[in-house]
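Structural features, examined
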Amino acid sequence: MAPTGRPSADDFAVALGIIPGSGAPSCEQERWMRLKEEVSNLRENLNQEEISLSQFGALYFPALVTLWKSPPAPAERCVYNGLALDLKEEDLEAYGPYDIMLEALQGNPYFYKFMRTKNTDIVELRRSMGRILAHRLAKRVAVWEAALQPGGERADYPFDIYRMDSPFPSVDCATGPTQLLCTLLCYESRQSLEALAAEPEIRDVLLPVLRKWTRRYARRCLLGDTAMRCEMILSLNPLWLHMATEMRRQNKVGEGLECALPACTRTADLKKCGKCETAKYCSAEHQRAHYPKHKALCFRTVF
Ligand SMILES: [Zn+2]
Ligand SMILES: [Zn+2]
């Protein structure tokens, strides 16, 4: 039952090099462009977006994170649609095609399922994702910040992070990775956050830039707000640590704390859908009533 329309879960898997397929990108730079395009295509069709992302998450999340952890090296040079794609390896490491996909998957029930599953291989695979991204960003934020200095800044706030004409590095591109970092940091343990905050690369490089972005952009654009959240979590601010815990708790059941049938507000004794385990119901009756709507998003996961 492949969903119709583009891009489908398999289109993404081909674009990311997870499965073979015709028209697969020939290098990492091209993959980056392709992912940007495919993700913005999704945004024009929100129903399709939910279906494609859910199916992709169910089938390919472990493969995506494996590639995200050890991305292939970019080609020496890349020409895409007649345009030389001058993406630096360090930029791709901090915000590559796999980050774009992870970013698109934030908020999807299969993302939460992946982050909470007890399957030991997955627990190992997802270990320290926040820490890894924090270190990748620490290597790059000073360069991005230099490009954001007065004169390097764009005047058209708020930014659309999905615009195609934003050259790396720009504030548009700093937004995506900062937002992803914020989500991943929420899944780090307190001990891990404490250790991370004490590391010189994080304390002396990443945090000062996040502070600058907070001061300059908070309440003006998404970068300011996500930089502030990252900064608060990395500074072990008790209120923000509490909010991170709360966010994890609310996402535990994937689709909220209530029975997945919209008309029902019951919260006690819910049972998971046996196939996808991302939706919960108070009764078999409500599960049946919701199924016509749920079935398009219900996939058995590989993890
Ligand atoms: Zn119910
Ligand atoms: Zn289901």
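Scoring rules and cut-offs
Residues numbered from 1 in each chain as written. Chains lettered and ligands numbered in written order. Predicted model: local features only at pLDDT ≥ 70, side-chain atom pairs only at ≥ 80, totals over all residues. Helix = DSSP H or I, 4+ residues; strand = E, 2+ residues; numbered from the N terminus. Buried ≥ 20, exposed ≤ 12 C-beta atoms within 10 Å, placed from the backbone. Contact = placed C-beta atoms within 7 Å. Axes fitted to C-alpha atoms, helices over the stretch in contact; angles between N-to-C directions. Parallel < 35°, antiparallel > 145°, perpendicular 65-115°, else oblique. Left-handed = near helix turned anticlockwise from the far one by under 90°. Arc of directions from axis to C-beta. Core = buried A, V, L, I, M, F, W, Y, C linked by C-beta atoms within 7 Å. UniProt positions renumbered as here; feature names shortened; annotations may be inferred. pLDDT = per-residue confidence, 0-100. Nonpolar A, V, L, I, M, F, W, Y, C, P; charged D, E, K, R; others polar.

A word on the overall build of the protein chain. Each helix and strand in the protein chain was counted, giving 15 helices and four strands. In the protein chain, buried positions account for 43% of the 303 residues. Within the protein chain, contacts between residues at least 6 apart in sequence are counted, and of these 70% link residues at least 24 apart.

Running from N to C, helix H9 (residues 141-148) and helix H12 (residues 200-217) cross one another at 25 degrees; their axes reach a closest spacing of 10 Å. Taken as axis vectors, H9 and H12 run roughly parallel relative to one another. In this structure, the crossing between H9 and H12 has a hand that is left-handed. Across the interface between the two elements, Val141, Ala142 and Glu145 of H9 pack against Val205, Leu206, Val209 and Lys212 of H12.

This next bit is on helix H15 (residues 284-294). It helps to recall that an α-helix has 3.6 residues per turn; residues three or four apart then point in one direction. For H15, every residue scored as buried is listed here: Gln287, His290 and His294. Take H15 and look down its axis: the buried residues cluster within an arc of 80 degrees, on one side only. Of the exposed residues in H15, those oriented more than 90 degrees away from the buried face are Glu285, Arg288 and Pro292. Lining the buried residues of H15 we find strand E4 (280-281).

A few words now on the environment of His135. Along the polypeptide, His135 turns up in helix H8 (residues 129-138). Separated by 70 residues in the primary sequence, His135 and Val205 place their C-alpha atoms 9.8 Å from one another.

Ranked by internal contacts, the top residues of the largest apolar core, which has 79 residues, are Met101, Leu181 and Leu185. The contact partners of Met101, leaving out residues within four places of it in the chain, are Phe12, Leu16, Leu35 and Leu64.

This part takes up the UniProt feature "domain: MYND-type" (unreviewed entry) in the protein chain. Per the UniProt record, "domain: MYND-type" (unreviewed entry) is found at residues 261-298. For the annotated span residues 261-298, helix accounts for 29% and strand for 11% of the residues, and the straight-line distance between the end C-alpha atoms is 14 Å.

All right, on to unusual backbone geometry then. Unlike most non-glycine residues, Ser128 shows phi in positive territory, near 60 degrees. Along the chain, the position of Ser128 falls in the loop between helix H7 (120-126) and H8. Even without being glycine, Glu277 reaches a positive phi, approximately 60 degrees. Take Glu277: it is sitting in the loop between strand E3 (271-272) and E4.

Our next topic: the confidence of the model for the protein chain. Mean pLDDT for the protein chain: 86, with 88% of residues reaching 70 or above. No element of the protein chain has a lower mean pLDDT than strand E2 (residues 83-84), which averages 78, and none a higher one than H8, which averages 97. Low pLDDT (under 50) marks residues 152-169, which in the prediction has 33 contacts with non-local residues, meaning those over four places away or in another chain.

In this section: the packing of helix H3 (residues 46-69) against helix H6 (residues 109-116). The interhelical angle for the contact between H3 and H6, taken along N-to-C directions, is 25 degrees, at an axis separation of 8 Å. By the criterion of interaxial angle, the relationship of H3 to H6 is roughly parallel. Each of Ser54, Gly57, Ala58 and Phe61 in H3 lies in contact with H6, whose residues at this interface are Pro109, Tyr110, Phe111 and Phe114. Residues of the contact of H3 with H6, tallied by class, amount to six nonpolar, two polar and no charged.

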